[in-house]
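# Breakdown of the fold
Chain by chain, the residues run as shown.
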Amino acid sequence: MASTRLIPVALRAAPGVTLALLVGWATLDVYAIGEPRWSAALFTVLSIGVVAETLSVVLHWRGIRAIGLIAIGGGYVGAHALVLGVQLVPALVFLSLLISQVELRILGERFAPLYEAGLGPDERTRIHGALGRAVLRLIISAVLSVVVPILAADLAVAGIVPATTIPTAIALAGALVAVVALLALLPSLKRPAV
Amino acid sequence: MRTPLSSGLAAASLGLLIAGLAVRSWQVILLALPPVIVLALGSLFPPARPRLVAVRTLSRDRAEAGRDVEVKLVVRNEGPPLDLVEIVDVLPREFAVIHGTNHAVVSLERGGTIPLSYTARSPVKGDFRIGPVRARSLDPLALGAEDATLPIEARLVLAPAMEDLRRTKLQPRRTRPWYGQVASRQIGAGTDFWGVREYTAGDEVRRINWKASARLDRLFTNEYEGERSGDVVIVVDARRESFIGTETDNPIEHGVRAALGIAEHVLASKNRVGLIVQREVLDWVPPAFGRKQLYRILDHLTHVRPGGEWPFAHVAWVLSRFFPRDCLIVLISPLQDRAALNAVIAMEARGYDVAIVSPSPLAIEWRLGEQRPEDQTAYRILRMERDNLISQLRRVSQVVDWDPATPLALALRRIGTWPRPA
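Note that this is a predicted model, so its numbers are computed, not measured.

Another point: the overall build of chain A. On a plain count of helices and strands, chain A comes out with six helices and zero strands. Mapped in sequence order, the helices and strands of chain A form the string α-α-α-α-α-α. The contacts of chain A with a sequence gap of at least 6 include a subset with a gap of at least 24, amounting to 67%.

Here it is in structure tokens:
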């Protein structure tokens, strides 16, 4: 029973903690930039992100939540792509954390009210199962999101796939566009539910 | 079904890809992979398509507007287990849920059921459909969803509230040959004394006036004023221009309430009542007696919604063709256009008695407004214009300027017998 009471608390707290971690990380990286012009611009972007996220929580204004996350992610990627240089592993971890933060928030919004409303024994088992499967998928996707690009980079550096050349980058881009387009179109191609 | 998150991830991936190409950095291009990986995993575990069956019961299928209606819905899963399914019983926008909920997010196994129980209320009258039931099978990580609609609908008729006009003296001036409760100014069967005449064979003994007979040494018989019934036609102005205010507080809603109260009162006095409604279509109920006629009128009034641009001349045409000539016409209108004046004069000229009940749009607007100084000036000007129109109408008919915040019975009682005897 204690675990049933703790689960909604953990689900509600997890996205906030993850977001704080991301903001702290991005702030530290931007702080490390020596050039004041870039530093000020990127701090502004980060601040916009933090303000938007805060407002979305305080005013229940969901429309600006995405803007906040884009600003925080943009601040980090901008700092590394434009000034500091991209370090692949930390960048992948940051991006995975950013995606996980969104997924954790959705999990919290969907499952925490169910636990808080009080569940019967059968229902609790089913909800536990659904939450367990979702968390497992989240962990697997977070791990794969880091591991697969690292493997790809290793293969490229080892020379098996010459990914550092422009033609290869364009070919990779084409393949990614095809995959994204396929994933985006897949639901439209399915038969509508009766 | 595509979700905002899946679209966002696809957009982020494309954005990183383009950014990587722009800054010629393979590391940034590789950053485009994580969103694609998350999307790919999501598409490997799509949510199951819901196959549900639902049964809905209502505590009543006819009620008065503003009354609570209890709804019970049982949804059963006849398809694969659903990790997370969102179910909503769609209500018309006029309804508010008072107790319980018409929405649930649950996990349903095969054969599992979820009961939903709630109390709903609509302040607006009408013929409503509750339903359908919509279900959405959700991916817990919001990367996909499957929708289903269960086409079960329940009909709920909400009748307008009825004004209590029991103490109002509202009756037609001209009568018809049928027995009723209206003094006919003719000798007949009744209770009001009319005169005395000489006794003729066959007169009832209880009608003999013994005092007069003793004084004049001949038999005399009392005569009484016959009580007959008359015809009343209620005309409800529900044109679009008459809609002023909110959905619950507007001259048309109040007019419908008044029409139902008047119809009930007049029918209870054994008179015939007919109805004409000016809305998108011009619909009418021919005059008739009794309880069934009240239900007929109620049914027509329930469907009244603002609409249409009919000029008043059309109502006059319908009246002259399909309704008896010597009837009392009760026109329920906010009197928004001056054409009403000419129409009423024309009807009086054709021999109709006309009485007007006018739910004041000014009073409604004034209550809803901010009542600033400039509004007060505007209100005074409009008030003068309305008073001017009403005083002109009073030359040819009886007019009740009714503030709908007060009971109609009060407004009618202030003017005594209604309409004025000739």
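So much for the structure itself; the text now carries on.
What follows covers the environment of B:A343. All names here are of chain B. Relative to the elements of secondary structure, A343 occurs in helix α8 (residues 339-349). Placed 59 residues apart in sequence, A343 and W284 show a C-alpha to C-alpha distance of 18 Å. Apart from the residues lying within four places of it in its own chain, the contact partners of A343 are F312, A313 and A316.

On to the packing of helix α7 (residues 312-322) of chain B against α8(B), then. Residue and element names in this part refer to chain B. For the pair α7 and α8, the least separation of the axes is 9 Å and the interaxial angle reads 20°. By the criterion of interaxial angle, the relationship of α7 to α8 is roughly parallel. As for the relative orientation of α7 and α8, their crossing is right-handed in sense. Across from F312, A313 and A316 in α7, the residues of α8 making contact are A339, A340, A343, A346 and M347. For the contact of α7 with α8, a count of residues per class yields eight nonpolar, no polar and no charged.

Residue and element names in this part refer to chain B. Strand order in the open sheet made by the four strands is β6-β4-β9-β10, with antiparallel pairing throughout. Each having just a single partner strand, β6 (103-108) and β10 (145-150) make up the two edges of the open sheet. Between one strand axis and the next, the sheet turns by 20° as a mean value, whatever way the strands run. Bridge analysis of strand β4 (residues 82-89) against β6 gives five bridges, and the strand direction is antiparallel. Across the sheet, E86 pairs through a bridge with V105, a residue of β6.

Along helix α9 (residues 361-368) of chain B, the residues classified as buried are B:P361, B:A363 and B:I364. Relative to the axis of α9(B), the buried residues are bounded by an arc of 165° and lie together on one face.

What follows concerns helix α2 (residues 36-58) of chain A. Residue and element names in this part refer to chain A. Across its 23 residues, α2 extends 32 Å between first and last C-alpha, which sits within 8% of the 33 Å expected from 1.5 Å per residue. Along α2, the residues classified as buried are L42, L46, G49, A52 and E53. Looking at the residues trailing α2, positive phi occurs at H60, about 55°.

On to the packing of helix α1 (residues 4-23) of chain B against helix α3 (residues 33-44) of chain B. Residues and elements named next belong to chain B. At a minimum axis separation of 8 Å, α1 and α3 run at an interaxial angle of 145°. Between α1 and α3 lies a crossing of left-handed hand. Between α1 and α3, the residues in contact are S6, L9, A10, A12 and S13 and P35, V36, V38, L39 and G42, respectively.

Let us look at the interface of chain B and chain A. Interface size is commonly expressed as the accessible area that is lost once the parts come together. With 45 residues of chain B at the contact, the number on the chain A side is 45 residues. The set of elements that each furnish at least two residues to the side of chain B that touches chain A consists of α1, α2 (26-30), α3, β4, β6 and β10 of chain B. Among the residues making up the side of chain B that touches chain A, the classes are represented as 32 nonpolar, seven polar and six charged.

This paragraph deals with the domain arrangement of chain B. Each domain of chain B was delimited in the assignment, giving domain 1 (4-44), domain 2 (52-159), domain 3 (179-228) and domain 4 (231-414). Each of domain 1 of chain B and domain 3 of chain B was reduced to a C-alpha centroid, and the two centroids are 103 Å apart.

Calculation notes
Starting from 1, residues in each chain are numbered consecutively following that chain's sequence as written. Think of it this way: whatever chain is written first is A, whatever ligand is written first is 1, and the rest follow in order. Where totals are concerned, whole chains, interfaces and linings use all residues; where local detail is concerned, this predicted model gives features only for residues with pLDDT of at least 70, and gives and counts side-chain atom pairs only at 80 or more. Only DSSP runs of H or I reaching four residues or more are called helices, and only runs of E reaching two or more are called strands; each is numbered from the N terminus. Each residue is represented by a C-beta atom placed from its backbone, and any two residues with such atoms within 7 Å are regarded as in contact. Only the contacting stretch of a helix is used when fitting its axis, a line to C-alpha atoms as for every element, and angles between N-to-C directions run 0 to 180 degrees. Here roughly perpendicular refers to angles of 65 to 115 degrees, roughly parallel to angles under 35, roughly antiparallel to angles over 145, and oblique to all remaining angles. Left-handed describes a crossing whose near helix is turned anticlockwise from the far helix by less than a right angle; the clockwise case is right-handed. Three categories are distinguished: nonpolar for Ala, Val, Leu, Ile, Met, Phe, Trp, Tyr, Cys and Pro, charged for Asp, Glu, Lys and Arg, and polar for the others, with Gly belonging to the last. We treat two strands as partners when DSSP finds at least two bridges between them. Any residue surrounded by 20 or more other C-beta atoms within 10 Å of its C-beta is treated as buried, while 12 or fewer makes it exposed and the intermediate range makes it partly exposed; C-beta atoms here are placed from the backbone. The arc in question is the one spanned by the directions pointing from the helix axis to the C-beta atoms. Expected span, for any helix, means 1.5 Å times one less than how many residues it has. Boundaries of every domain are those given by an automatic assignment or by a domain database.

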